[in-house]
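Structural characterization, general
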Amino acid sequence: MGKLAVRALRAVLVVVLAGTVFVQASMVWAFATHQEEGSLPLTPLRVITILGMASAQVTVVCVWRLVTMVRRGTVFSHAAFRYVDCVIGAIVAAALLWFAVTAINAPGQRDDPGVTVIMAGVGVAILGVALIVLVLRMLLAQAVARDVEAAQMQAELDEVI
């Protein structure tokens, strides 16, 4: 992975992390200063937003750690699985939170249930991203196994020579 790509990715991760912290702070401020207004129950939506931002933050931190491992050449190790598993868990949590938002929004969409169907479809798409990362985890597992096998073969070859 090139230095420019790593720097660009880290810049994006910093912006995302700062944005999620800002949104969380805004939601906490809204708890303290604004009362329930409008037709939607705002308190549950604010809590879901705070939790959703936390899942994004977990993902950002784990991706940062994985990028660090890539730069050091240690990504093909068992330590990488912990971060990939955290990313999968955070994405699944985000999908579940999105389904909760869909359920909260659904009663207001009785006249136009298509919105609820679209929102549920977005939740399924988020779960699809988790499945893609799971497949990538399986590829990482194969790469780690091959790396261990290659190290063993190299050790045997070194003994022979």
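Residue positions are given per chain, counted from 1 along the sequence in the order it is written. pLDDT decides what is reported in this predicted model: residues at 70 or higher carry local features, side-chain atom pairs at 80 or more are listed and counted, and totals for whole chains, interfaces and linings draw on all residues regardless. Computation of side-chain values: all heavy atoms of the structure, hydrogens and water removed.

Put simply, two rings from Phe, Tyr or Trp (the six-membered ring, in Trp's case) pair if the centres are within 6.5 Å, and we call them stacked under 30 degrees between planes, edge-to-face over 60, tilted for the rest. Going through the model one piece at a time under the given rule, you end up with zero aromatic pairs. Placement of a positive charge over a ring is assigned whenever Lys NZ or Arg CZ falls within 6 Å of the ring centre and within 35 degrees of the normal to the ring plane. Its end group placed over the ring of tryptophan 64, arginine 10 keeps NZ or CZ at 4.8 Å from the ring centre.

In this section: the pattern of salt bridges. Put simply, a salt bridge is a Lys or Arg side-chain nitrogen that is within 4 Å of an Asp or Glu carboxyl oxygen. For the structure shown, the criterion picks out one salt bridge. Between arginine 137 and aspartate 85 there is a salt bridge, with its nearest N and O atoms 2.5 Å apart. With arginine 137 in helix α4 (residues 114-160) and aspartate 85 in helix α3 (residues 79-105), this residue pair connects regions lying 52 residues apart in the sequence. In this scheme, a residue with accessible area under 20% of its type's maximum is buried, one over 50% is exposed, and one in between is partly exposed, where area comes from a 1.4 Å probe on protein chains only. For arginine 137, a relative accessible area of 24% puts it in the partly exposed group. According to the relative accessible area criterion, aspartate 85 is partly exposed, its value standing at 36%. Segments assigned H or I by DSSP are reported as helices when at least four residues long, segments assigned E as strands when at least two residues long, and all are numbered from the N terminus.

Every patch collects residues that have over 30% relative accessible area and no salt bridge, joining them within 9 Å if they carry like charges and within 5 Å if they are nonpolar side chains (Val, Leu, Ile, Met, Phe, Trp, Tyr). Residue exposure ignores everything except the shown protein chains as possible cover, and the areas themselves are Shrake-Rupley values with a 1.4 Å probe. Judged by side-chain polarity, Ile132, Val135, Leu136 and Leu139 come together as a nonpolar surface patch covering roughly 370 Å² of accessible area. Residue placement: valine 135 occurs in helix α4.

In this section: the environment of valine 60. Mapped onto the secondary structure, valine 60 falls in helix α2 (residues 42-72). The buried category is assigned to valine 60, whose relative accessible area is 8%. For the pair valine 60 and isoleucine 50, spaced 10 residues apart in sequence, the C-alpha separation works out to 15 Å. Non-local contacts of valine 60, meaning those with residues more than four positions away in its chain, are made with Leu13, Val16 and Leu17. Contact definition: two residues touch when any of their heavy atoms are within 4.5 Å.

Right, let's talk about the nonpolar core for a bit. Of all hydrophobic cores here, the largest spans 15 residues; its most connected members are Leu66, Met69, Ala80, Val84, Val133 and Leu140. Going through the elements one at a time, α2, α3 and α4 are the ones with two or more residues in this core. Sort the elements by how many residues they give to this core and α3 lands first, with seven residues. Excluding residues within four positions of it along the chain, methionine 69 makes contact with Thr74, Val75, Ser77, Ala79, Ala80 and Tyr83. Only buried residues count toward a nonpolar core. Its members are Ala, Val, Leu, Ile, Met, Phe, Trp, Tyr and Cys residues joined through side-chain atoms within 4.5 Å.

Moving on, we come to the side chain of glutamine 24. The topology assignment puts glutamine 24 in helix α1 (residues 3-33). Not counting residues within four places of it along the chain, the set of residues in contact with glutamine 24 comprises Ile50, Met53, Ala54 and Gln57.

A separate point is the packing of α3 against α4. In the contact formed by α3 and α4, the axes pass within 9 Å of each other and the chain directions differ by 170°. When the interaxial angle is binned, α3 and α4 end up roughly antiparallel. Its residues assigned to classes, the contact of α3 with α4 shows 26 nonpolar, four polar and two charged. Note on geometry: axes are C-alpha line fits, over the in-contact stretch for helices, and angles between N-to-C directions span 0 to 180 degrees. Orientation categories follow fixed angle ranges, with anything under 35 degrees roughly parallel, anything over 145 roughly antiparallel, 65 to 115 roughly perpendicular, and all other angles oblique. Gly is put with the polar residues, along with every residue not named as nonpolar or charged; the nonpolar set is Ala, Val, Leu, Ile, Met, Phe, Trp, Tyr, Cys and Pro, and the charged set is Asp, Glu, Lys and Arg.

Let's shift gears to α4. Side chains three or four residues apart in an α-helix point the same way, a direct result of the helix having 3.6 residues per turn. An expected span of 1.5 Å times one less than the residue number is assigned to each helix. Here α4 contains 47 residues, and its C-alpha end-to-end distance of 69 Å stays within 8% of the 69 Å for a straight helix at 1.5 Å per residue. Buried within α4 are the following residues: Thr116, Met119, Gly123, Ala130, Val133, Leu140 and Val144. Residues of α4 that are buried sit in contact with α3.

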